[in-house]
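Here is what each chain is made of, one letter per residue.
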2 protein chains.
Amino acid sequence: MSQARLMDGTALAARIVEETAKRAAVLTGRTGTAPCLATVLVGEDPASVTYVKMKQNRCRRAGITSRHVALPAATTTGDLVATLRELSADPGVHGILLQHPMGDHIDERAAFEAIAPEKDVDGVTFASFATMSFGLPGFVSCTPGGIMRLLDEYGVDPAGKRAVVVGRSAILGKPAGMLLLARDATVTYCHSRTRDLSAAVREADIVVAAVGRPRLIRGQDLKPGAVVVDAGYNAGNVGDVDFDSAVERASLITPVPGGVGPMTIATLLEQTVDAAERQLAA
Amino acid sequence: MSQARLMDGTALAARIVEETAKRAAVLTGRTGTAPCLATVLVGEDPASVTYVKMKQNRCRRAGITSRHVALPAATTTGDLVATLRELSADPGVHGILLQHPMGDHIDERAAFEAIAPEKDVDGVTFASFATMSFGLPGFVSCTPGGIMRLLDEYGVDPAGKRAVVVGRSAILGKPAGMLLLARDATVTYCHSRTRDLSAAVREADIVVAAVGRPRLIRGQDLKPGAVVVDAGYNAGNVGDVDFDSAVERASLITPVPGGVGPMTIATLLEQTVDAAERQLAA
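The shown structure was predicted, so the numbers you read here are calculated from the model rather than taken from an experiment.

Each value, and the rule that gives it
- Residues numbered from 1 in each chain as written.
- Chains lettered and ligands numbered in written order.
- Predicted model: local features only at pLDDT ≥ 70, side-chain atom pairs only at ≥ 80, totals over all residues.
- Heavy atoms only, no water.
- Helix = DSSP H or I, 4+ residues; strand = E, 2+ residues; numbered from the N terminus.
- Rg over C-alpha atoms; globule rule 2.2 N^0.38 Å.
- Buried < 20%, exposed > 50% of the residue type's maximum accessible area, 1.4 Å probe, protein only.
- Contact = heavy atoms within 4.5 Å.
- Areas by Shrake-Rupley, 256 points an atom, 1.4 Å probe, with all protein chains shown as cover.
- Lys, Arg positive; Asp, Glu negative; His and termini not counted.
- Charge placed at Lys NZ, Arg CZ, Asp CG, Glu CD.
- Domains from an automatic or database assignment.
- Core = buried A, V, L, I, M, F, W, Y, C linked by side-chain atoms within 4.5 Å.
- UniProt positions renumbered as here; feature names shortened; annotations may be inferred.
- Least-squares fit on C-alpha atoms with pLDDT ≥ 70 in both.
- Salt bridge = Lys/Arg side-chain N within 4 Å of Asp/Glu carboxyl O.
- Polar contact = N/O pair within 3.5 Å; in protein donor to acceptor, adjacent residues only side chain to side chain.

**Observations regarding the overall build of chain A**
When its secondary structure is counted, chain A shows 10 helices and 9 strands. Against the 2.2 N^0.38 benchmark of 19 Å for 282 residues, chain A shows a C-alpha radius of gyration of 19 Å, consistent with a compact globule. With the C-alpha coordinates of chain A rotated into their principal frame, the extents come out at 55 × 40 × 35 Å. Taking all 282 residues of chain A together, 57% fall into the buried category. Sequence separation of 24 or more characterises 70% of the internal contacts of chain A that already satisfy a separation of 6 or more. As presented, chain A carries roughly 11,200 Å² of accessible surface, and 53% of it is formed by carbon and sulfur atoms. Averaging the locations of the 29 positively and 31 negatively charged side chains of chain A gives two centres separated by 2 Å.

If you want it as structure tokens, here you go:
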């Protein structure tokens, strides 16, 4: 059997970012105001610091200003909520990214819900989840949104297909399934309590692996010709899919790295400019 | 093969309503205030008028006051939103039921979102959908919530089971699937674009039919011993399941009528008292 074609997230993300930068420049020229993403970080977790810096760098290169709000690790939920409400009300901020996890003492849900839906460019609020679920206009969670763009780019129409999402987190598995359902896939959610994961995955025309368990899904689990999207993020650049065996069986597959990962930031930048365009037009 | 056992929604709903009435009486005695459900109806659609009257009657018998707001058919979205915001802010109202459909000129979503989540006893807001989806405390959509109670009553633990939800409406199919997922079922959403519905249904240990197509699901589609919940509501008291053939194959099945239907109102009443207890304790 021939090997699967790779879905090149690096290339697609670069094109999206380039297009986004053009739109940012046009908007800045027309209004005198650059799109602005507020990044909020609680504490100094090294991985989170790195992520936020990377996002700020990518913003800068796309002509998006970022305003960083660094809060001490001991910040209370109430203080964080107040900060997010201020940013939500600030006309100089168009999008808000609250880096998570935030520490066990913070009520993360209360914090997310303090982000105004029209600035929720990371797609973490109840409202964004519901609009994704109901096929309504709104911001998408960045990784699931990036996955849908990859599928579109490679001509994969989910309508009528069996899609299996492995994982059910609030910002990855659940919204990915809802976006596929809104595009008329027959969607199955699998997770740690699923009894026969291989049998469920074998039904799938489209597999989205989003569970954070290295090489959980192997080639022998796949229906021949399946489209495989690996949103896993494990140590050592290992995805949730065993690439070497899956590539022999799938028709399309995302590499790790260079598949889903770059799409996440591209979606964040694009949605920040979407938000700025709407707010500056209002 | 022996016939399926019936899941008696009429009996369970009666017990829930009885318990709810006791709680309402205790609350009224302690606070001097009876739980109050505001019912909002736009226009005079005869079926909607009947539904609202039935809900008011059931409230009265359970010791729940209802306050009816009848708006003319020509009411604008803006006026409806203003009315719902007033009721949301009114300390004398503990729960709000907005009867739908409301007419094509109304933005139903804008109306639903004007209901304060803490008074959303019908489970129609984005916030309620998200709390159901994320397994967080909040109000459930009444029919899906009633379905979960029926499963519990008959000892059906969804954990690890394959559940197939046929239908994906915002207040029935989608939340039913999310509630089953939150209880650790492996959940598949099927719908009008599903290619081989019979094959998908045959995988299911639990089938929830919620699509509004008479007798769509037949006995031969079922895995022997499946649990069948028929939330269909079609003319002539016909469900989405062909009862006569399904009862020969299922292990448990809801009749129509007398299955899911009575659970919906029972859940509405119970959640109204839940809301009143919280608001009057605050």
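**A few points about the domain arrangement of chain A**
Domain parsing of chain A yields domain 1 (32-118) and domain 2 (141-260). A separation of 29 Å is found between the C-alpha centroids of domain 1 of chain A and domain 2 of chain A.

**Observations regarding the nonpolar core**
Formed by 105 residues in total, the largest nonpolar core has its most connected members in L151(A), L180(A), L151(B), L180(B) and V208(B). In this structure, L180(A) is in contact with M148(A), L151(A), P158(A), A163(A), V165(A), A185(A), V187(A) and V208(A), ignoring residues within four places of it in sequence.

**Focus: the UniProt feature "binding site: NADP(+)" (unreviewed entry) in chain A**
Residue and element names in this part refer to chain A. Feature annotation in UniProt assigns "binding site: NADP(+)" (unreviewed entry) to the following positions: G167, R168 and S169. Its relative accessible area of 3% is what places G167 among the buried residues. Excluding anything up to four places from it in sequence, G167 contacts G173, K174, Y189, C190, A210 and V211. For S169, a relative accessible area of 32% translates into the label partly exposed. Those residues in contact with S169 that lie beyond four places of it in its chain are K174 and P175.

**Focus: the relation of the copies chain B and chain A**
With an axial shift of 0.0 Å and an RMSD of 0.0 Å, the rotation relating chain B to chain A amounts to 180°. Here the transformation between the copies is reduced to the relation of a two-fold axis. If distances are taken from each C-alpha of chain B to the rotation axis, the shortest is found for T188(B), at 2.0 Å. Of the interface residues in chain B, 100% have counterparts in chain A that sit at the interface too, so the contact is made through matching surfaces.

**Overview of the side chain of K119(B)**
All names here are of chain B. Mapped onto the fold, K119 is located in the loop between helix 4 (108-113) and helix 5 (126-134). At 5.9 Å, D90 is the nearest oppositely charged side chain to K119, a buried residue that forms no salt bridge. A polar side-chain atom of K119 sits 2.9 Å from the main-chain carbonyl oxygen of S88. At a separation of 2.7 Å, a polar atom in the side chain of K119 contacts the main-chain carbonyl oxygen of D90. Not counting residues up to four positions away in its chain, the partners in contact with K119 are L87, S88, A89, D90, P91, V93, H94, G95, I96, F139 and Q279.

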